[in-house]
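Results of the structural survey
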Amino acid sequence: MKPAILLIGTNGQVGRALSTMLPRIGEVTALDRQRLDLTQPEEIRRAIHNFHPAFIMNAAAYTAVDKAESEENVARAVNAEAPAVMAEEAKKIGASLIHFSTDYVFDGSKTSPYDEDDPANPRNVYGRTKLEGERAIQASGAAHLIFRTAWVYATHGRNFLLTILRLATQREELRIVRDQIGAPTLNTEIAGATTKILAQICDAEGGPFSLADVSGIYHMTASGETSWYDFANAILEEAAKTPAGGPWFAAATSNLPLIARRVLPITTNEYPTRAQRPAYSVLSNARLNRTFSVQMPDWRKQLHSVFAIPPAKKP
Ligand SMILES: NC(=O)c1ccc[n+]([C@@H]2O[C@H](COP(=O)([O-])OP(=O)(O)OC[C@H]3O[C@@H](n4cnc5c(N)ncnc54)[C@H](OP(=O)(O)O)[C@@H]3O)[C@@H](O)[C@H]2O)c1
């Protein structure tokens, strides 16, 4: 029998990709904010009690990094307190919790990829509240997997890919930060890797490989590293190579031509934001590879795959 999976945050970038992949391995109940508001702990308890899932998959989060600086209470409710309640309820019913976290738990002072055991030291409210969420889950005693990912983008939602394409229809010159280094990660790669891992765990049910044996934090980001500046250039290169684009591309550009001719590198100081961000937040996926034999493709390959989505067929 397929296990029951409760997917929370089904409308987000990662949530939407998971909602199309998870039905391969389980009976999925998917809840968006309308059906489950994570600022209401009693709603979380009720949902878990009613659905009694084997797996709780939390893809929801308060992800507005700058806004979080002035909405700390809401960010904490969604990113720290809600996962704590999920973990507590999971523990009660013997369910496992799968949760996502962020590269922004690190301060960026390293110059080589961060391991899971490197000390966290978030520089902003978002990172702090996400770290509190991780710690609450770890302290709960529930079987859990926490996947830390980074610089997430998709063909929907609010992200750097869609922002650059929109700006490229409006401005000839873009000024983009070059002194922040990370790994842009496509939502479908995160959902694909997560689904693969869950399939391994479900196949091994009763065998030597159960989720409780592998509970912990794992880094799950694209391989390689880049700056926002180089990522912007790569986006425009891909866009120039595939002018027909897919339906998402037409929506992102409102069918307008791209007029951007130059991308100028700037420093973080020249682009002040409310939240501070780490200068370097590349994560090592070594533990993920070792434990689950999951290899995350290079960021450039992931970006290319988005532009390879074929245009909609004419009726
Ligand atoms: N985005 C990134 O660059 C990034 C980087 C590193 C790690 N991550 C982590 O990766 C995971 C997935 O992120 P994502 O990029 O898919 O995020 P996303 O696209 O911003 O989606 C987050 C989802 O959470 C939902 N949500 C927010 N507040 C809620 C509340 N009070 N009750 C119920 N739902 C609520 C949102 O609902 P609405 O659709 O109604 O707004 C949205 O669907 C998160 O854990 C995030 O912290 C993301």
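Residues numbered from 1 in each chain as written. Predicted model: local features only at pLDDT ≥ 70, side-chain atom pairs only at ≥ 80, totals over all residues. Heavy atoms only, no water.

1. Focus on the site of the ligand
For clarity, the cut-off: Near, as used in this document, describes a residue that has one of its heavy atoms within 4 Å of the molecule or strand being considered. The term polar contact refers here to a pair of N or O atoms within 3.5 Å; inside protein, the definition further demands a hydrogen-donor-capable atom paired with an acceptor-capable atom, and it admits residues adjacent in sequence only when both atoms are side-chain atoms. Calculation of accessible area relied on Shrake-Rupley with a 1.4 Å probe; when residues are assessed, cover is drawn exclusively from the protein chains displayed. Numbering of helices and strands runs from the N terminus, with a helix taken as a DSSP run of H or I at least four residues long and a strand as a DSSP run of E at least two residues long. Note that Gly is not counted as nonpolar here; it falls among the polar residues with everything else outside the nonpolar set of Ala, Val, Leu, Ile, Met, Phe, Trp, Tyr, Cys and Pro and the charged set of Asp, Glu, Lys and Arg.
In the neighbourhood of the ligand, 24 residues make up the surrounding shell, with Gln13, Leu38, Thr63, Tyr126 and Lys130 lying closest. Contact distances for the ligand include 3.2 Å between a nitrogen atom and a side-chain N or O atom of aspartate 37. Measuring from an oxygen atom of the ligand, one finds a backbone N or O atom of valine 152 at 3.0 Å. Considered on its own, the ligand offers 900 Å² of accessible surface; in the complex 83% of this is hidden by protein. It is strand S4 (residues 96-102) that contributes the most residues to the shell around the ligand, 3 residues altogether. For the shell around the ligand, a count of residues per class yields 12 nonpolar, 8 polar and 4 charged.

2. Quick notes on helix H1 (residues 13-21)
The periodicity of an α-helix, 3.6 residues per turn, causes residues three or four positions apart to be oriented the same way. Operational definition: Type-normalised accessible area, obtained with a 1.4 Å probe on protein chains alone, sets the label of each residue: buried when under 20%, exposed when over 50%, and partly exposed for intermediate values. Pairs of residues are marked as contacts when any of their non-hydrogen atoms sit within 4.5 Å.
Among the residues of H1, Gln13, Val14, Gly15, Ala17, Leu18 and Met21 are the ones counted as buried. In this fold, the buried residues of H1 make contact with strand S1 (4-8), strand S3 (55-58), S4, strand S6 (152-153) and helix H6 (187-203).

3. Examining the nonpolar core
Let me state the cut-off plainly: Throughout, nonpolar core names a set of buried Ala, Val, Leu, Ile, Met, Phe, Trp, Tyr and Cys residues whose side chains join them through atoms within 4.5 Å.
Of all hydrophobic cores here, the largest spans 62 residues; its most connected members are Leu161 and Phe307. At 8 residues, helix H7 (residues 228-241) tops the list of elements feeding residues into this core. Excluding anything up to four places from it in sequence, phenylalanine 307 contacts Leu161, Leu165, Ile235, Glu238, Ala239, Thr242, Trp248 and Phe249. Counting residues in hydrophobic clusters, the runner-up holds 32 residues, among them Val14, Phe147, Ala191 and Ile201.

4. Some points on the environment of phenylalanine 231
Mapped onto the elements of the fold, phenylalanine 231 is located in helix H7. Between the C-alpha atoms of phenylalanine 231 and glutamate 72, which are 159 residues apart in sequence, the distance is 30 Å. With near-sequence residues (within four places) excluded, phenylalanine 231 lies in contact with Tyr153, Phe160, Pro184, Thr226, Trp299 and Leu303.

5. Overview of the pattern of salt bridges
Test applied: By definition here, a salt bridge exists when the distance from a side-chain nitrogen of Lys or Arg to a carboxyl oxygen of Asp or Glu is within 4 Å.
Counted by the stated rule, this structure contains 14 salt bridges. Glutamate 173 is the salt-bridge partner of arginine 262, the closest N and O atoms lying 3.2 Å from each other. Of the two residues, arginine 262 is situated in strand S12 (residues 262-266) and glutamate 173 in strand S7 (residues 173-177); the sequence distance between them amounts to 89 residues. A cluster of three or more residues bridged by salt bridges with shared partners is formed by Glu42, Arg45, Glu88, Glu89 and Lys92.

6. A few points about the packing of aromatic side chains
Stated formally: Here a Phe, Tyr or Trp ring, Trp counted by its six-membered ring, pairs with any other such ring whose centre lies within 6.5 Å, and the pair is stacked when the planes are under 30 degrees apart, edge-to-face when over 60, and tilted otherwise. Two conditions define a charge sitting above a ring: the NZ of Lys or the CZ of Arg must be within 6 Å of the ring centre, and it must be within 35 degrees of the ring normal.
As enumerated under the stated definition, the model contains 14 aromatic pairs in all. Here phenylalanine 106 and tyrosine 114 contribute two aromatic rings whose centre-to-centre distance is 4.1 Å and whose plane-to-plane angle is 15°, an arrangement assigned as stacked. By way of ring pairs, the aromatic residues Trp151, Tyr153, Phe160, Trp228, Phe231 and Trp299 are connected into one cluster. Taking the ring centre of tyrosine 114 as reference, the NZ or CZ of lysine 110 above it sits at 5.4 Å. Positioned above the aromatic ring of tyrosine 229 is the side chain of arginine 178, whose terminal nitrogen or guanidinium carbon lies 5.3 Å from the ring centre.

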